[in-house]
Amino acid sequence: MPGRAPRIYRTEAVVLKQRRLGEADRIITLYTPQLGKIDAVAKGIRRQTSRKAGHLEQLTLTSLLLAHGQNLDLITQSETVESFLPVREDLQRLASGLYVAELVDRFTELRSENYAVFRLLVETMQRLAVSDTRELAVRYFELHLLSHLGYRPQLRQCVVCRNALEPVANSFSAALGGVVCPECRHANIGLWRLSVPALKVLRLLDRNTFEDAERLRPSTELMTEIETLLRGYVRHLLEKNPRSLDFVEAVRHAGAREPRRTATQTADDDVASVVAPPAGAASQ
């Protein structure tokens, strides 16, 4: 007779979001390396005396001890592994981090393991904390998240006629999942113009490491073109815009920077309040 699975297990996880449960508890949505996305209950976390709260802030990489429950697992211990504090101290970095977390949440199913997505998420948070090329880091994340989940856009040949793409202005179709050549453009609607430099940057982001991509210094206009294309593709796949984009755009237009404030609790699907930095000690 096979042995029973242990009731208690330990895992690292990135906190994607929180939502309220009852008067004092929260349901924490986590992304883990072995289990993928999971929901777990943090008892008493909304009380001022809670020692877990600082270790379960949104966008924190934390080490957890959990107990299997009937419906939801229970978080019994938590300890911060990496807080990504620079992300919390800068509203532009924070807005990007919330967008990244929402995409992982929206594109993944519960209990569907994908270690590549976990590594991409952690590495992106690290890049947002230290890199001066924040927008490039987000574009790299979008493209590779889509690739890891089976939505890699076709960037080498026309998705209609399957011919290799020429170094001319092409178009991009979100509905068809890739580039459309000039000869096939007129038979399709809902296309974005795709310049030769933008296609080259997308190919480089797709096939190279972020360190290689970081050597690029694309113009603002070029980055805007790539952002429009990838966001349009994300919107098509999700069938609506991510909620966090409102925050991203508000921060961008305000040019805001707010030091010594930290982010991040999300109640249900909404980006929520700025909270205190995570504590440093383990909680029980």
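This is a predicted model, so every value here is computed, not measured.

## Here's the deal with the sheet that holds strand S8 (residues 191–194)
The three strands lie next to each other as S7-S6-S8, forming an open sheet whose pairing is antiparallel. Only two strands of the sheet have a single partner each, and these edge strands are strand S7 (178–180) and S8. Averaged over all neighbouring strand pairs, the angle between strand axes comes to 40°, with direction disregarded.

## Structural notes on the pairing of strand S2 (residues 25–32)
On a regular strand, one side chain projects to one face of the sheet and the next to the other, so that they alternate. In terms of residue burial, S2 counts as a mostly covered element, since eight of its eight residues are buried. Along S2, one buried face is formed by Asp25, Ile27, Thr29 and Tyr31 and the opposite face, lined by Arg26, Ile28, Leu30 and Thr32, is buried too. Here strand S1 (residues 8–21) runs beside S2; their pairing, made up of seven bridges, is antiparallel. What sits directly across from Arg19, in S2, is Ile27. The loop that links S1 with its antiparallel partner S2 comprises three residues; one of these, Gly22, has a positive phi angle of about 65°. Hairpin remark: S2 followed by strand S3 (residues 36–42), antiparallel, with three residues in the connecting loop.

## Looking at the packing of helix H2 (residues 91–107) against helix H9 (residues 244–254)
At their nearest, the axes of H2 and H9 sit 9 Å apart, and the two run at 160° to each other. It follows that H2 is roughly antiparallel to H9 by the angle criterion. Considering only the axes of H2 and H9, their crossing is left-handed. On H9, the residues that touch Leu91, Gln92, Leu94, Ala95, Leu98, Tyr99 and Glu102 of H2 are Ser244, Leu245, Phe247, Val248 and Val251.

## Topic: helix H3 (residues 115–130)
Helical geometry: 3.6 residues make up each α-helical turn, so side chains three or four residues apart lie on a common side. End to end, H3 covers 23 Å across 16 residues, agreeing with the expected 22 Å (1.5 Å per residue, within 8%). Buried residues of H3: Val117, Phe118, Leu120, Leu121, Val122, Thr124, Met125, Arg127, Leu128 and Ala129, and no others.

## Concerning the pattern of salt bridges
In a structure, side chains of opposite charge can pair up when their charged atoms sit close to one another. The full count for this structure, using the stated rule, is 20 salt bridges. The closest approach of N and O atoms between Glu142 and Arg139, which form a salt bridge, is 2.7 Å. With Glu142 and Arg139 both in helix H4 (residues 134–148) and three residues apart, this pair spans about one turn of that helix. Across the pair, Arg139 and Glu142 agree in class, each one buried. A salt bridge links Glu227 to Arg231; the shortest N-O distance between them is 2.8 Å. A residue pair is termed a helical-turn pair when its members lie 3 or 4 positions apart in one helix, as Glu227 and Arg231 do in helix H8 (residues 220–238) at four residues. Across the pair, exposure class does not vary: Glu227 and Arg231 are buried alike.

## Quick look at the nonpolar core
Note on soluble globular proteins: their nonpolar side chains tend to be buried together. In this structure, Leu103, Val104, Leu121, Leu145 and Leu202 are the most contacted members of the largest nonpolar core, which totals 62 residues. At ten residues, the largest contribution of residues to this core is made by H2. For Leu103, the residues in contact, after removing those within four places along its chain, are Phe141, Glu142, Leu145, Val234, Leu238 and Pro242. Counting 13 residues, the second-largest nonpolar core is a separate cluster that includes Val15, Ile38, Ala42 and Leu56.

## Observations regarding the state of the cysteines
Counted according to the given criterion, the structure contains zero disulfides. Unpaired in terms of disulfides, Cys181 finds its nearest cysteine sulfur in Cys184, a separation of 3.7 Å. Residue classification places Cys184 among the buried positions, given a relative accessible area of 11%.

Scoring rules and cut-offs
- Residues numbered from 1 in each chain as written.
- Predicted model: local features only at pLDDT ≥ 70, side-chain atom pairs only at ≥ 80, totals over all residues.
- Heavy atoms only, no water.
- Pairing = 2+ DSSP bridges.
- Helix = DSSP H or I, 4+ residues; strand = E, 2+ residues; numbered from the N terminus.
- Axes fitted to C-alpha atoms, helices over the stretch in contact; angles between N-to-C directions.
- Buried < 20%, exposed > 50% of the residue type's maximum accessible area, 1.4 Å probe, protein only.
- Parallel < 35°, antiparallel > 145°, perpendicular 65-115°, else oblique.
- Left-handed = near helix turned anticlockwise from the far one by under 90°.
- Contact = heavy atoms within 4.5 Å.
- Expected span 1.5 Å × (residues − 1).
- Salt bridge = Lys/Arg side-chain N within 4 Å of Asp/Glu carboxyl O.
- Core = buried A, V, L, I, M, F, W, Y, C linked by side-chain atoms within 4.5 Å.
- Disulfide = S-S within 2.5 Å.

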